[in-house]
Amino acid sequence: MAGKLHSHKVSINDRKRMNKRTSDMRKNGSAKGDIQQIFSKYYKDQVRALYRAVSEDK
C-alpha cells in the first residue's frame, strides 16, 4: 500500500476561529436597547450617586 502523499493543513486554528465567532456574535447581537438595559441595570444608580456627590460640593 502506498503511504500518504499529501497532508491537509488548516489555515485558521481553533482559537482564531472561536475568537472570530465570539466577536461576530458580539457585533451582531448587541443592539442599542441591549446596551441601554445593561446601563440601567448596573450603572444608573452609581452615576446618579456620583452626580449628586459632585453637585453637592459646588
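Criteria and thresholds
Residues numbered from 1 in each chain as written. Predicted model: local features only at pLDDT ≥ 70, side-chain atom pairs only at ≥ 80, totals over all residues. Heavy atoms only, no water. Patch = residues over 30% accessible without salt bridge, like charges linked within 9 Å, V, L, I, M, F, W, Y side chains within 5 Å. Areas by Shrake-Rupley, 256 points an atom, 1.4 Å probe, with all protein chains shown as cover. Salt bridge = Lys/Arg side-chain N within 4 Å of Asp/Glu carboxyl O. Helix = DSSP H or I, 4+ residues; strand = E, 2+ residues; numbered from the N terminus. Buried < 20%, exposed > 50% of the residue type's maximum accessible area, 1.4 Å probe, protein only.

Caption draft 1: Molecular detail of a nonpolar patch on the surface. Together, I38, F39, Y42, Y43 and V47 make up a nonpolar patch on the protein surface, roughly 500 Å² of accessible area in all. For the nonpolar patch, the element with the most residues is helix 2 (residues 32-42), which contributes three residues. With respect to the element layout, I38 can be found in helix 2. What makes I38 partly exposed here is its relative accessible area of 46%.

Caption draft 2: The pattern of salt bridges, seen in detail. In total, this model carries one salt bridge according to the counting rule given. Note that R48 and D45 form a salt bridge whose closest N and O atoms lie 3.9 Å from each other. With R48 and D45 both in helix 3 (residues 44-57) and three residues apart, this pair spans about one turn of that helix. Its relative accessible area of 56% is what places D45 among the exposed residues.

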